[in-house]
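Listed below, chain by chain, are the residues.
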Amino acid sequence: MTPILYSYRRCPYAMRARMALKYADIEVEHREIELRNKPQSMLLVSPKGTVPVLCLDGLILDQSLDIMRWALERSDPDGWFAVDEALAKSWIEKNDGPFKVLLDQYKYPNRYPELDQEEILRIALDLMLKPMETSLRSTQYLLGNQVSWVDVAIFPFIRQFSKVNPKQFEDLPFALTKKWLHHFLESELFNAVMRKYPTWMG
């Protein structure tokens, strides 16, 4: 049975799952959903109603990191997983925890009228972008001179951050982080997983 992937093109969690599946050369049946009209078939297997959801024979994975791990355990030709586990955990927890909160506050200012947007930006830079820039001074990628699963897991969120206010992002003094981001934006892997699918109804 071909695994079924419920996905939403612009969701950063779904992006990283799609990139890992594509990298591992795992064929899936792609079901593109509408966030406002989620298919009943997806809600039946994963009632929390978020993407990505990977349906395997007798197994449902509805966390993006679990999907990445599942894919890389089957095929990891370039050694994405060959990194320090504690360092990897530290980056991912920071990205998926406090940085994601700040990203939402930065992206949707009208939802948080009580917050100072300049302060949100400053905290986000101190938390994530500055440490990334520091790390990239030593190595080409976040955990070494080869791409790792951590780069791929974090990239879609930095992409989203950069698109909130492109001019403001371009003016930031983080040349190495911008180069790192550009590498993934231009990569064959990313562009392969960003093709458009018709909305799946079912």
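Residues numbered from 1 in each chain as written. Predicted model: local features only at pLDDT ≥ 70, side-chain atom pairs only at ≥ 80, totals over all residues. Heavy atoms only, no water.

1. Things to note about the packing of aromatic side chains
Right, so step 1: This structure, assessed with the given rule, holds 11 aromatic pairs.
Right, so step 2: Ring geometry for F99 against F161: centres 5.7 Å apart, planes inclined by 45 degrees, an arrangement best described as tilted. Of this pair, F99 sits in helix 4 (residues 85-107) while F161 sits in helix 6 (residues 149-164), and the two are 62 residues apart along the sequence.
Right, so step 3: With relative accessibility at 2%, the residue F161 sits in the buried group.
Right, so step 4: One aromatic cluster is present, formed by Y141, F155, W180, F184 and F190 through successive ring pairs. (Phe/Tyr/Trp six-rings, centres within 6.5 Å; stacked < 30°, edge-to-face > 60°. Helix = DSSP H or I, 4+ residues; strand = E, 2+ residues; numbered from the N terminus. Buried < 20%, exposed > 50% of the residue type's maximum accessible area, 1.4 Å probe, protein only.)

2. Here we look at the sheet that holds strand 2 (residues 29-32)
Right, so step 1: Strand order in the open sheet made by the four strands is 2-1-3-4, with mixed pairing throughout. The strands lining the two open edges of the sheet, one partner per strand, are strand 2 and strand 4 (59-61). The sheet shows a mean angle of 15 degrees between the axes of neighbouring strands, direction not considered.
Right, so step 2: Bridge count for strand 3 (residues 53-56) against strand 4 is three bridges, and the pairing is antiparallel. Residue pairing across strands places L56 opposite L59, the latter belonging to strand 4.
Right, so step 3: Across the sheet, helix 3 (residues 64-74) is in contact with strand 1 (4-7), strand 3 and strand 4; its angle to strand 3 comes to roughly 45 degrees. (Pairing = 2+ DSSP bridges. Axes fitted to C-alpha atoms, helices over the stretch in contact; angles between N-to-C directions. Contact = heavy atoms within 4.5 Å.)

3. As for helix 8 (residues 175-185)
Right, so step 1: By the burial criterion, the buried members of helix 8 are T177, K178, W180, L181 and F184. Looking down the long axis of helix 8, one finds its buried residues gathered within 160 degrees of arc, a one-sided arrangement. When the buried face of helix 8 is taken as reference, the exposed residues oriented beyond 90 degrees from it are A175 and K179.
Right, so step 2: On its buried face, helix 8 is in contact with helix 5 (117-138), helix 6, helix 7 (166-170) and helix 9 (188-193). (Arc of directions from axis to C-beta.)

4. Here we look at the pattern of salt bridges
Right, so step 1: Considering all chains together, one arrives at nine salt bridges under this definition.
Right, so step 2: Here R31 and E29 are joined by a salt bridge, their closest N and O atoms 2.8 Å apart.
Right, so step 3: A relative accessible area of 12% means that R31 is categorised as buried.
Right, so step 4: Its salt-bridge partner being E119, residue R122 comes within 2.8 Å of it at the nearest N-O pair. Residue R122 and its partner E119 are both found in helix 5; the two are separated by three residues, about one turn of the helix.
Right, so step 5: For E119, a relative accessible area of 34% puts it in the partly exposed group.
Right, so step 6: Each of E119, R122, D126 and K130 takes part in a single network of salt bridges with overlapping partners. (Salt bridge = Lys/Arg side-chain N within 4 Å of Asp/Glu carboxyl O.)

5. Focus: the nonpolar core
Generally speaking, soluble globular proteins have nonpolar side chains that are buried together.
Right, so step 1: If you look at the biggest cluster of nonpolar residues, it comprises 56 residues, and the most contacted ones within it are L129, W149, V150, I154, I158, F161 and W180.
Right, so step 2: The biggest single contributor to this core is helix 6, with nine residues.
Right, so step 3: When neighbours within four sequence positions are excluded, I158 is seen to be in contact with F99, M128, L129, M132, W180 and L181.
Right, so step 4: One finds C11, A14, V51 and V53 within the second-largest nonpolar core, a separate group that totals 10 residues. (Core = buried A, V, L, I, M, F, W, Y, C linked by side-chain atoms within 4.5 Å.)

6. What to know about helix 4
Right, so step 1: The end-to-end C-alpha distance of helix 4, which contains 23 residues, comes to 30 Å, matching closely the 33 Å that a straight helix rising 1.5 Å per residue would cover.
Right, so step 2: A bend of about 45 degrees at F99 is the largest found in helix 4.
Right, so step 3: Within helix 4, burial applies to A88, W91, I92, K94, N95, F99, K100, L102, L103, Q105 and Y106.
Right, so step 4: Where helix 4 is buried, its residues touch helix 1 (12-23), helix 3, helix 5, helix 6 and helix 7.
Right, so step 5: Of the residues flanking the start of helix 4, the one acting as N-cap is D84, its side-chain oxygen 3.0 Å from the backbone nitrogen of A86. (Expected span 1.5 Å × (residues − 1). Bend = angle between axes of the 7 residues up to and from the residue. Polar contact = N/O pair within 3.5 Å; in protein donor to acceptor, adjacent residues only side chain to side chain.)

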